[in-house]
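# Chains, contacts and geometry: an overview
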Amino acid sequence: MASAQFDKFLTLVRRSPAAEHADHLAMRRNLDRTGGRFPDGVVGTPVTAGGVPAAWVDPPGGASDRAVLYLHGGGYVAGSIDSHRNLLGHLAVAMGCRVLALEYRLAPEHPHPAPVTDAVAAYRWLLDQGLAPAHLMVAGDSAGGGLTMGTLLKARDEGLPLPAAAVTISPLVDLEGTGESMTTRATADPMITRAQLHEIADLFVGDGDRRDPYAAPLYADLTGLPPLLIQVGDAEVLLDDSTRLAAAAEAAGVDVTLEVWPDMIHVFQGSAGFVPESDEAIAHIAAFGRPRLGLGTS
């Protein structure tokens, strides 16, 4: 049974139901308004990472020789550091190391492959800063979860050493919306609709291939990727993106952990500090990531 705090949060979300159409400018304004602030003691410092605007998010006493490259969600058309301050800060605190939050270019002004180009450039920059691959993790939510997979694939294909681990939160990995949960979770999901997804895909890839593996990693060969944690809510239309991604990863020999959270909605982790399920999910990410980055158990 979901907590009372989550029920209150869900009531607030349902007061602003998902829009019928993907207005990317409105999405940007709305997401940036809901990003909250960094938790007390967390400091954000602007930086340019491989030519891409970014920010270091440092928790109190956090390790500086370990890092998480974080790729925000927003359907590839919205989202920013501002939209994810609360999530970024709580992740940095739980991991006990700095997080590099990336402001990758957005569609429709910069369609595919701009986001993956930017993310790989930032990953190269981290390596050039002297950070060992074994001390790096890549993570992201929603479209940023799909971009996490695309970044790993592109890095692998370009011969870069891969990070120690990766985390995807409610990843968007199928731009065609073919999963059964697009139908079976349609009434439960207050945030995303099939129509929205199709419009976002139009903005992101235009006339391009909706099964390009760097844009839709569900259709990629995942061989050789690092250990992967996938978190998803049971009440979201992208549920089957996660379950199918996990199955494909397992078939490719990837060490994959799939967590399906009962009753939870899309990227519920963003309510960390307010909703106990969100805090628990962030703790699970830290329990997965910290030992793999050599940070010990939390």
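These lines cover the structure that appears in this document, whether it is placed above or below. (Residues numbered from 1 in each chain as written. Predicted model: local features only at pLDDT ≥ 70, side-chain atom pairs only at ≥ 80, totals over all residues. Heavy atoms only, no water.)

### A word on helix α8 (residues 239-251)
Convention followed: Helix and strand definitions here come from DSSP, where helices need a minimum of 4 consecutive H or I residues and strands a minimum of 2 consecutive E residues; each element is numbered from the N-terminal end. Here the expected length of a helix is defined as 1.5 Å per residue gap, with one fewer gap than residues. For each residue, the accessible area found with a 1.4 Å probe, counting protein chains only, is set against the maximum for its type, and the residue is called buried under 20%, exposed over 50%, and partly exposed in between. By definition, residues are in contact when any of their heavy atoms lie within 4.5 Å.
When the terminal C-alpha atoms of α8 are compared, their 19 Å separation across 13 residues agrees well with the 18 Å that a helix rising 1.5 Å per residue should span. What α8 keeps buried is the set Leu 239, Asp 240, Asp 241, Ser 242, Leu 245, Ala 246 and Ala 249. Against α5 (143-157), β6 (165-169), α6 (181-184), β7 (228-233) and β8 (256-261) lie the buried residues of α8. Looking one or two residues beyond α8, the residue adopting positive phi is Gly 253, at roughly 85°.

### Quick notes on the environment of Glu 259
This is how it is decided: Polar contacts, as used here, are pairs of N or O atoms within 3.5 Å; protein pairs need one atom able to donate a hydrogen and one able to accept it. Residues neighboring in sequence count only if both atoms are side-chain atoms.
Structurally, the position occupied by Glu 259 is in strand β8. Counting along the chain gives 27 residues from Glu 259 to Val 232, while the straight-line C-alpha distance between them is 6.4 Å. Excluding its chain neighbours within four sequence positions, the residues that come into contact with Glu 259 are Leu 229, Ile 230, Gln 231, Val 232 and His 284. Polar contacts involving the side chain of Glu 259 include one to the side chain of His 284, which spans 3.0 Å.

### Section: the nonpolar core
Filter applied, for reference: The nonpolar core is taken to be a set of buried Ala, Val, Leu, Ile, Met, Phe, Trp, Tyr and Cys residues, with the residues joined through side-chain atoms within 4.5 Å.
Leu 69, Leu 102 and Leu 222 are the most contacted members of the largest nonpolar core, which totals 60 residues. Of the residues forming this core, the biggest block, eight residues, is contributed by helix α4 (residues 114-128). The next biggest cluster of nonpolar side chains, apart from the first, holds 31 residues, and it includes Ile 81, Leu 87, Met 137 and Leu 229.

### A closer look at the pattern of salt bridges
Here is the rule we go by: Salt-bridge detection follows one rule: a side-chain nitrogen of Lys or Arg within 4 Å of a carboxyl oxygen of Asp or Glu.
For the coordinates displayed, the defined rule picks out 15 salt bridges. Close ionic contact of Asp 174 with Arg 244 constitutes a salt bridge, the shortest N to O distance being 3.0 Å. With Asp 174 in the loop between β6 and α6 and Arg 244 in helix α8, this residue pair connects regions lying 70 residues apart in the sequence. Take Arg 244: its relative accessible area is 25%, and that puts it in the partly exposed class. In this structure, the salt-bridge partner of Asp 202 is Arg 210, at a minimum N-O distance of 2.3 Å. A single salt-bridge network, built from bridges that share partners, covers Arg 124, Lys 154 and Glu 158.

### Observations regarding the sheet that holds strand β1 (residues 43-49)
Using the following cut-off: Two strands form a pair only when DSSP identifies at least two bridges running between them. Under this scheme, a helix contributes an axis fitted over its contacting stretch, all axes are lines through C-alpha atoms, and angles between N-to-C directions fall in the 0 to 180 degree range.
Strand order in the open sheet formed by eight strands is β1-β2-β4-β3-β5-β6-β7-β8, and the pairing between neighbours is mixed. Two strands close off the open sheet at either side, each with one partner strand: β1 and β8. Strand-to-strand twist in this sheet, taken as the mean axis angle between neighbours without regard to direction, amounts to 20°. Both β6 and β7 contribute to a ladder of four bridges, which runs parallel. Its bridge partner lying in β7, Thr 168 is registered against Ile 230. Its contacts with the sheet place α5 against β3 (63-71), β5 (136-141), β6 and β7, and it is angled at close to 145° to β5.

### Brief notes about the pairing of β5
Put simply, the rule reads: Handedness of a crossover: with both strands directed away from the viewer, a clockwise path from the first strand across the helix to the second marks it as right-handed.
Burial runs high along β5: six of the six residues are buried. Residues Leu 136, Val 138 and Gly 140 of β5 are buried on one face, and the alternating residues Met 137, Ala 139 and Asp 141, pointing to the opposite face, are buried as well. When β3 meets β5, the two strands line up parallel, connected through five bridges. By the bridge assignment for β5, Leu 71 is matched with Gly 140. The sheet contact formed by β5 and β6 spans five bridges and is parallel. The residue of β6 that forms the bridge with Val 138 is Ala 166. Read as a crossover between parallel neighbours, the route from β5 over α5 to β6 is right-handed.

### Comments concerning the packing of α4 against α5
So the rule is basically this: In a left-handed crossing the near helix is turned counterclockwise from the far helix by less than a right angle, and in a right-handed crossing that turn is clockwise. Only Asp, Glu, Lys and Arg are considered charged in this grouping, and only Ala, Val, Leu, Ile, Met, Phe, Trp, Tyr, Cys and Pro are considered nonpolar; every other residue, Gly among them, is considered polar.
Closest axis-to-axis distance for the α4/α5 pair is 9 Å, and the angle between their directions is 65°. Between α4 and α5 the crossing geometry is right-handed. Mapping the contact onto sequence places Pro 115, Val 116, Ala 119, Val 120 and Tyr 123 in α4 and Leu 147, Gly 150, Thr 151, Lys 154 and Ala 155 in α5. In terms of residue class, the contact of α4 with α5 is built from seven nonpolar, two polar and one charged.

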